[in-house]
Amino acid sequence: MPVPIRPALLFLSLAMAVPAAAQTRDQMPLPDGFQAAIEKGDLAQAQALIAPATDACLAADPTAARCIDLLNWLASVGQRREDRPLQLRAARLAATAAARYAPGTAREYYALVNLSGGLDHSGTPLEAEAPARRALAIAERLWPEPSDNVALICRNLATTLTALGKHAEAATLMRRAVAIRTAQGGAESLAALDASRVLGVTLNEGGQIAPAVALLTRVADTLAARHPRRIVERARAEGDLAAVLNDAGRFTDAAQRYYNAILLWEEAGETGESLLTALNNAARNFVAMGDYTRAEQIDRLVLRIKSDRLGPDDPSLARSYGNLGVVLEAQGKLEEARPLLRKALAMAISAYGADHLRTAPFRGYLADALPLAEQEGERRTLVALYRDQLGAGHPDTLNALAQLANVLAALGRHAEAEAAYREVVAQGERTWGPDNVNFANSLVALALSLARQLRPGTLGEMRSLIARGWSIQRAALGPEHPDTIESAIYLAQMSDDPRARTLSRGAQSGILARIGRSRDFSAAAQAELRAFSAAFGQAVQINWRLSHPGAAK
């Protein structure tokens, strides 16, 4: 049964731009050697120079404008070093001081940029929205467009709104950022292409998969043609395109783009988080292809690399333990998977606290590996957590509610499951919009819930729900996407003869086209064919029955 909400790749996030200095060096004297350390990328040395200067300024005169400037620099260094506690501590002090002593100025703008970025990266987008919106208002007053500062905060606010499920507004902001960057340097400038890349990710997160694929393909291919030596930018674009191709069901194409991204990161000398994230997401793509062996190999490699660097119990390893646990669970290796998933959740709770949103994905992964009778409590906890912190209509809340409904259906409690599916549909149309694939999947899930109960008089509603969902999937994903194929089979089973034959033949063609794209009928292609065997068999049976009307059904 389709999951009512399109699953995203694990831990894929929008990149945050590094804010510029609030003032020039002439206006804001910096410690000797600081600027040189920044230019060399020696961030540890930069922090060693700026931190004591900031402390000294605050001790001497906390009302001085120079202290705000130094705090902004310190927060920026924290962001570049991915030291979120340092970034947040300095940005909070800078924002508080600027609001009191320099409201509405560039100093407050940069403090708010750092603060909103730090909050967003720390998993608290609800707190990040207000400072980001104020920063945008300040930028619009201070700098006429096309302005780098307006484009920057449009991008950062779009990141926050994407995390909050406000996809339409996020896309509008990113289109504005693209327009600014294009006006400054042209559509093929690095800045415009980077803004377009983020717009593509934003569209994909909002369920607009086909436009996202087209945009990110253009970005990746243009970077390769026009800026071949910009290795880091190309690596980011290839990785983001791969993620969207994965969501589009084009797993083989996604695998090639992930391979490109990994090679580019290696060429750039990257051995840290960017490379490991590309490997993580490539492993998730192999899971989608049914190639669990390669996915497990990658996950074990990433875990070993991070464990060697940080130690086996560092909280940042929660992601790696969780990923490996998920791929083991998918293979039915539950006795191996559960300890890893419990360890991942414990690490996340240790790092963020029991009720933090960052713990929620790990709770979900563990719930997937629990016996069915134990899953309901975990699913209800997740629904309550998301509802309390993100609201009833947020995509994550709807996803958690849909997963709870799946458990209730598996337990045979179909009336309760139907009520939950109906809530997902009602909220989902408002959240995603009527043409969104996530909404389409929720329609199909509700129809299947009705099918399990077989109440008199529900066939018409079931057929209507699936027909609407299938038409959305076909338009957004294409006829060869697994969700489109599966929905076509369901609809064929409920349709009159002429339409049933067309639908079932279309499903068969889609399956064969997917398998045919594998030139050597690889293990992944074989796994996909096995996964489709039941649906393919149903399609064949429908055609046979329609061709032999006198045969027993």
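Residues numbered from 1 in each chain as written. Predicted model: local features only at pLDDT ≥ 70, side-chain atom pairs only at ≥ 80, totals over all residues. Heavy atoms only, no water.

Now for the overall build of the chain. On a plain count of helices and strands, the chain comes out with 25 helices and 0 strands. Relative to its full complement of 553 residues, the chain shows a buried share of 54%. Considering only residue pairs separated by 6 or more positions, the chain has 63% of its internal contacts joining residues 24 or more positions apart. Total accessible area on the chain stands at roughly 23,400 Å², and carbon and sulfur atoms take up 53% of it. (Helix = DSSP H or I, 4+ residues; strand = E, 2+ residues; numbered from the N terminus. Buried < 20%, exposed > 50% of the residue type's maximum accessible area, 1.4 Å probe, protein only. Contact = heavy atoms within 4.5 Å. Areas by Shrake-Rupley, 256 points an atom, 1.4 Å probe, with all protein chains shown as cover.)

Below, the discussion takes up the packing of aromatic side chains. Under the definition given, this model contains 4 aromatic pairs. With 5.1 Å between their ring centres and 85 degrees between their planes, Phe 34 and Trp 73 make a pair best called edge-to-face. Highlighted residues: Phe 34 in helix 1 (residues 34–40) and Trp 73 in helix 3 (residues 65–80), separated in sequence by 39 residues. Feature note: the residues Tyr 109, Tyr 110 and Trp 143 constitute an aromatic cluster, connected by ring pairs. (Phe/Tyr/Trp six-rings, centres within 6.5 Å; stacked < 30°, edge-to-face > 60°.)

In this section: the confidence of the model for the chain. On average, residues of the chain score 85 in pLDDT, and 86% of them are at 70 or above. Between residues 1–27, whose pLDDT stays under 50, and residues either more than four places distant or in other chains, the model counts 99 contacts. (pLDDT = per-residue confidence, 0-100.)

The subject of this paragraph is helix 5 (residues 106–121). Here helix 5 is 16 residues long and its end C-alpha atoms lie 23 Å apart, about the 22 Å a rise of 1.5 Å per residue gives. Most of helix 5 is tucked away: 15 of the 16 residues are buried. (Expected span 1.5 Å × (residues − 1).)

Here we come to the packing of helix 14 (residues 292–310) against helix 15 (residues 318–330). For the pair helix 14 and helix 15, the least separation of the axes is 9 Å and the interaxial angle reads 160 degrees. Regarding the angle of helix 14 to helix 15, the classification is roughly antiparallel. In the packing of helix 14 onto helix 15, the handedness of the crossing is left-handed. Counted together, Tyr 292, Ala 295, Glu 296, Asp 299, Arg 300, Val 302, Leu 303, Lys 306 and Ser 307 of helix 14 and Ser 320, Tyr 321, Asn 323, Leu 324, Val 327, Leu 328 and Ala 330 of helix 15 form the full contact between these two elements. Its residues placed into classes, the contact of helix 14 with helix 15 shows 9 nonpolar, 3 polar and 4 charged. (Axes fitted to C-alpha atoms, helices over the stretch in contact; angles between N-to-C directions. Parallel < 35°, antiparallel > 145°, perpendicular 65-115°, else oblique. Left-handed = near helix turned anticlockwise from the far one by under 90°. Nonpolar A, V, L, I, M, F, W, Y, C, P; charged D, E, K, R; others polar.)

Summed over all chains, the structure comprises 1 disulfide. Note that Cys 57 is cross-linked by a disulfide to Cys 67, the S-S spacing being 2.1 Å. Because the sign of the S-S torsion sets the handedness, a value of about -100 degrees for the bond joining Cys 57 and Cys 67 places this disulfide among the left-handed ones. You can see Cys 57 sitting in helix 2 (residues 43–60) and its partner Cys 67 sitting in helix 3, a full 10 residues away along the chain. Using a relative accessible area of 9% as the deciding quantity, one classes Cys 57 as buried. (Disulfide = S-S within 2.5 Å.)

A few words on the environment of Thr 96. Following the sequence through the fold, Thr 96 ends up in helix 4 (residues 84–101). Only 2.9 Å separates the side chain of Thr 96 from the backbone oxygen of Arg 92, close enough to count as a polar contact. (Polar contact = N/O pair within 3.5 Å; in protein donor to acceptor, adjacent residues only side chain to side chain.)

Turning to helix 10 (residues 209–226), a few remarks are in order. The end-to-end C-alpha distance of helix 10 is 25 Å, a good match for the 26 Å that 18 residues give at a rise of 1.5 Å each. Along its buried surface, helix 10 packs onto helix 9 (190–205), helix 11 (231–247), helix 12 (251–267), helix 21 (437–453) and helix 22 (459–477).

Positionally, Leu 408 belongs in helix 19 (residues 395–410). The class of Leu 408 is buried, set by a relative accessible area of 3%. Sequence-wise, Leu 408 and Ala 420 are 12 residues apart; in three dimensions their C-alpha atoms are separated by 9.2 Å. If near-sequence neighbours (up to four positions away) are discounted, Leu 408 is found in contact with Glu 376, Arg 380, Arg 413, Glu 416 and Ala 417.

Let us now look at the nonpolar core. Judged by nonpolar contacts, the single largest core of 73 residues is most densely connected at Phe 34, Tyr 109 and Ile 153. Here Ile 153 is in contact with Tyr 109, Val 113, Ser 116, Ala 132, Ala 135, Leu 136 and Ala 139, once residues within four sequence places are set aside. Residues Ala 409, Phe 439, Ile 466 and Met 494 belong to the second largest nonpolar core, which totals 41 residues. (Core = buried A, V, L, I, M, F, W, Y, C linked by side-chain atoms within 4.5 Å.)

Time to look at unusual backbone geometry. The omega angle of the peptide bond from Glu 145 to Pro 146 is 5 degrees, so this bond is cis rather than trans. Tracing the chain through its elements places Pro 146 in the loop between helix 6 (125–142) and helix 7 (148–163).

Moving on to the pattern of salt bridges. In this structure the tally under the stated criterion is 36 salt bridges. Here Arg 133 ties to Glu 129 by a salt bridge, and the two come within 2.9 Å at their closest N and O atoms. Of this pair, Arg 133 and Glu 129 both sit in helix 6, 4 residues apart, which is roughly one turn of that helix. Taking the relative accessible area as the measure of exposure, Arg 133 reaches 31% and is therefore partly exposed. The partner of Arg 197 in a salt bridge is Asp 194, and the shortest N-O contact between them spans 2.9 Å. In this pair, Arg 197 and Asp 194 both sit in helix 9, 3 residues apart, roughly one turn of the helix. Relative accessible area serves as the criterion here: at 23%, Asp 194 is assigned to the partly exposed category. (Salt bridge = Lys/Arg side-chain N within 4 Å of Asp/Glu carboxyl O.)

Quick look at the packing of helix 19 against helix 20 (residues 414–432) now. Where helix 19 contacts helix 20, the two axes come as close as 8 Å, and the packing angle between them is 160 degrees. Considering the angle they form, helix 19 stands roughly antiparallel to helix 20. Read as a crossing pair, helix 19 and helix 20 show a hand that is left-handed. On helix 20, the residues that touch Pro 395, Leu 398, Leu 401, Ala 402, Ala 405, Asn 406, Leu 408 and Ala 409 of helix 19 are His 414, Glu 416, Ala 417, Ala 420, Tyr 421, Glu 423, Val 424, Gln 427, Gly 428, Thr 431 and Trp 432. A breakdown of the residues in the contact of helix 19 with helix 20 according to their chemical character gives 12 nonpolar, 5 polar and 2 charged.

This part is about the side chain of Glu 238. Position of Glu 238 among the secondary structure elements: in helix 11. Residue Glu 238 is classed as buried on the basis of its relative accessible area, which comes to 5%. If sequence neighbours within four positions are ignored, Glu 238 has contacts with Ala 220, Arg 257, Asn 260, Ala 261 and Leu 264.

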